[in-house]
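An overview of the molecular structure
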Amino acid sequence: MFTAVVYALTSGCAWRHLPPTFGTSPATAHRRFTVGTEAGLWRRLHRAVLDELGTRGEVDWTSTIVDAATVRAKRADR
């Protein structure tokens, strides 16, 4: 299940196109992803990986990448 979710997220594959070799239906994989997201699983997992890599000295915190959403700017006179 975990591998199917990671595959969908990293490849950009639509859930409905998950290869059957993962041994789970696309609907089940998506449902488990949604439940994990709502429970904060992915955020906690990401933090745990970063903490482990940081402990090993394998993270270079001097460089970062910031991702931002596009937000429509409002005019100053409104």
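Our subject is the structure that appears above.
Here's a quick rundown of the structure. Remember, it's a predicted structure, so these values are computed and weren't measured experimentally.

Glancing now at the overall build of the protein. Helix and strand counts for the protein come out as three helices and zero strands. The N-to-C order of helical and strand elements in the protein reads α-α-α. The globule rule puts the C-alpha radius of gyration for 78 residues at 12 Å, and the 18 Å found for the protein is more than 25% above it. On the principal axes, the C-alpha backbone points of the protein span a range of 55 × 40 × 25 Å. When the 78 residues of the protein are sorted by exposure, 14% land in the buried category. Taking the contacts inside the protein whose residues are at least 6 apart along the sequence as the reference set, 29% of them involve residues at least 24 apart. Taking the 11 positively charged and 7 negatively charged side chains of the protein as two groups, their mean positions are separated by 13 Å.

This paragraph deals with the packing of aromatic side chains. The geometry of two aromatic rings is summed up by the distance between their centres and the angle between their planes. Per the stated rule, a full pass over the model turns up four aromatic pairs. Aromatic pair Phe 2 and Trp 42: ring centres 6.1 Å apart, planes at 25°, arrangement stacked. Pair noted here: Phe 2 is in helix H1 (residues 2-11) and Trp 42 is in helix H3 (residues 41-55), with a separation of 40 residues, a long-range link. Taken together, the ring pairs connect Phe 2, Trp 15, Phe 33 and Trp 42 into an aromatic cluster.

By the definition in use, this model includes two salt bridges. Between Glu 52 and Arg 56 there is a salt bridge, with the nearest N and O atoms lying 2.9 Å from each other. For Arg 56, a relative accessible area of 52% puts it in the exposed group.

In this section: the environment of Arg 16. Structurally, Arg 16 can be placed in the loop between H1 and helix H2 (26-38). Since its relative accessible area comes to 67%, Arg 16 is described here as exposed. Sequence separation between Arg 16 and Ala 29 is 13 residues; the distance between their C-alpha atoms is 9.6 Å.

So, about a nonpolar patch on the surface. Nonpolar side chains collect at one region of the surface, where Phe 2, Val 6, Leu 45 and Val 49 lie side by side and expose about 310 Å² of accessible area between them. With respect to the helices and strands, Val 49 occurs in helix H3.

Conventions used here
- Residues numbered from 1 in each chain as written.
- Predicted model: local features only at pLDDT ≥ 70, side-chain atom pairs only at ≥ 80, totals over all residues.
- Heavy atoms only, no water.
- Helix = DSSP H or I, 4+ residues; strand = E, 2+ residues; numbered from the N terminus.
- Rg over C-alpha atoms; globule rule 2.2 N^0.38 Å.
- Buried < 20%, exposed > 50% of the residue type's maximum accessible area, 1.4 Å probe, protein only.
- Contact = heavy atoms within 4.5 Å.
- Lys, Arg positive; Asp, Glu negative; His and termini not counted.
- Charge placed at Lys NZ, Arg CZ, Asp CG, Glu CD.
- Phe/Tyr/Trp six-rings, centres within 6.5 Å; stacked < 30°, edge-to-face > 60°.
- Salt bridge = Lys/Arg side-chain N within 4 Å of Asp/Glu carboxyl O.
- Patch = residues over 30% accessible without salt bridge, like charges linked within 9 Å, V, L, I, M, F, W, Y side chains within 5 Å.
- Areas by Shrake-Rupley, 256 points an atom, 1.4 Å probe, with all protein chains shown as cover.

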